[in-house]
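Architecture and fold: a report
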Amino acid sequence: LEREGYSPMIKPALSYLRAVLHSQAGRADLAEKLWDKVAQGEDRLYKIRAELALVDLGIATESMTPIQATERLEGLRFSWRGDGLELDILKRLGTFYVASEEYRKGFSTLSKVLRLFPDAPQTNQLRMSMIKTFQDLFLTDLGDELSPLEALALYVDFPHLVPKGEDGNAVRSNLAERLVDIDLLDQAIILLRDLYVHGRTPQERVDTALRIAGIRLLDQRASLALKTLEEAKEETFKLSKEAENEWRLLHARALSDQ
């Protein structure tokens, strides 16, 4: 095209693509100069694509932090609407928010991608990645910096990210214990009641019921603790002698408190 001549209209496209070639060949400086030039131009499509490429290059070369990337991408999120380019913008923005530990903004932005582009090829993989990150916030040291209230807000605001089955139950149990640590006992019990109702094994249900009773006692609600224990008595006594002994100790403590 450059040798045989071309319309001036496609010059931004050619410059953008030549920068892509430079980037893939390891010539980052040349790529950055060309993308900068395109980003300053008037062609909206390639202006935005060049901006995205510059962000990707900055992250790859570590000349840009995820926080700086989000600031740059926020200026683009309303610049292009309705197709795969908007998906690319929002996906990058949400991903960099998560990398910056701005989890609420990240999940909110990525959830918008799921809502706007449900049939896009990359949507299912994105959903799985979001669920994995959400789970890790509760079950690994990734979420150590989250306060219990922040963790509760994420759980309430993004229920579609709570994993199914045992992993989801582990998330609820972990969050409940965080809430107990700061005396949000009613909120903890709401989570544990849901875990009790949907418990998949007798052991899980009994453990949850006994924990609820223990929290009721912490909250000086002996009558409610007794009610919980009575609900779980039959299943507990069938499970094991150890579970039965724990049940009896909690029952005695509740009677004593009354």
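Residues numbered from 1 in each chain as written. Predicted model: local features only at pLDDT ≥ 70, side-chain atom pairs only at ≥ 80, totals over all residues. Heavy atoms only, no water.

Right, let's get into the overall build of the protein. Looking only at helices and strands, one finds 13 helices and 0 strands in the protein. Ordered by position from the N terminus, the helices and strands of the protein form the series α-α-α-α-α-α-α-α-α-α-α-α-α. Counting only C-alpha atoms and orienting by the principal axes, one finds that the protein spans roughly 90 × 30 × 30 Å. Burial statistics for the protein: of 258 residues in total, 43% are counted as buried. A separation threshold of at least 6 residues defines the contact pool for the protein, and within that pool the share at least 24 residues apart is 50%. Total accessible area on the protein stands at roughly 14700 Å², and carbon and sulfur atoms take up 50% of it. (Helix = DSSP H or I, 4+ residues; strand = E, 2+ residues; numbered from the N terminus. Buried < 20%, exposed > 50% of the residue type's maximum accessible area, 1.4 Å probe, protein only. Contact = heavy atoms within 4.5 Å. Areas by Shrake-Rupley, 256 points an atom, 1.4 Å probe, with all protein chains shown as cover.)

Turning our eyes to something else, we now look at a nonpolar patch on the surface. A cluster of nonpolar side chains, Leu1, Tyr6, Met9 and Ile10, forms an exposed patch at the surface whose accessible area comes to about 430 Å². Considering the arrangement of structural elements, one finds Tyr6 in the segment before α1 (11–24). (Patch = residues over 30% accessible without salt bridge, like charges linked within 9 Å, V, L, I, M, F, W, Y side chains within 5 Å. Salt bridge = Lys/Arg side-chain N within 4 Å of Asp/Glu carboxyl O.)

Attention shifts here to the environment of Trp35. Take Trp35: it is sitting in helix α2 (residues 28–39). It is 38 Å that separates the C-alpha atoms of Trp35 and Gln135, two residues lying 100 residues apart in sequence. Beyond its immediate chain neighbours, meaning those up to four positions away, Trp35 contacts Tyr16, Ala19, Val20, Ser23, Ala50, Ala53, Leu54 and Leu57. Among the polar contacts listed, one links the side chain of Trp35 to the backbone oxygen of Tyr16, at a separation of 3.4 Å. (Polar contact = N/O pair within 3.5 Å; in protein donor to acceptor, adjacent residues only side chain to side chain.)

Time to look at the packing of aromatic side chains. The full count for this structure, using the stated rule, is 7 aromatic pairs. Between Phe237 and Trp247, the ring centres sit 5.2 Å apart and the planes meet at 90 degrees, which makes this aromatic pair edge-to-face. Here the residue Phe237 occupies a position in helix α12 (residues 222–239), and Trp247 occupies one in helix α13 (residues 241–257), the gap between them amounting to 10 residues. Judged by its relative accessible area of 26%, Phe237 falls in the partly exposed class. A relative accessible area of 3% places Trp247 in the buried class. Taken together, Tyr103, Phe107, Phe134, Phe138 and Phe158 form an aromatic cluster joined through their ring pairs. (Phe/Tyr/Trp six-rings, centres within 6.5 Å; stacked < 30°, edge-to-face > 60°.)

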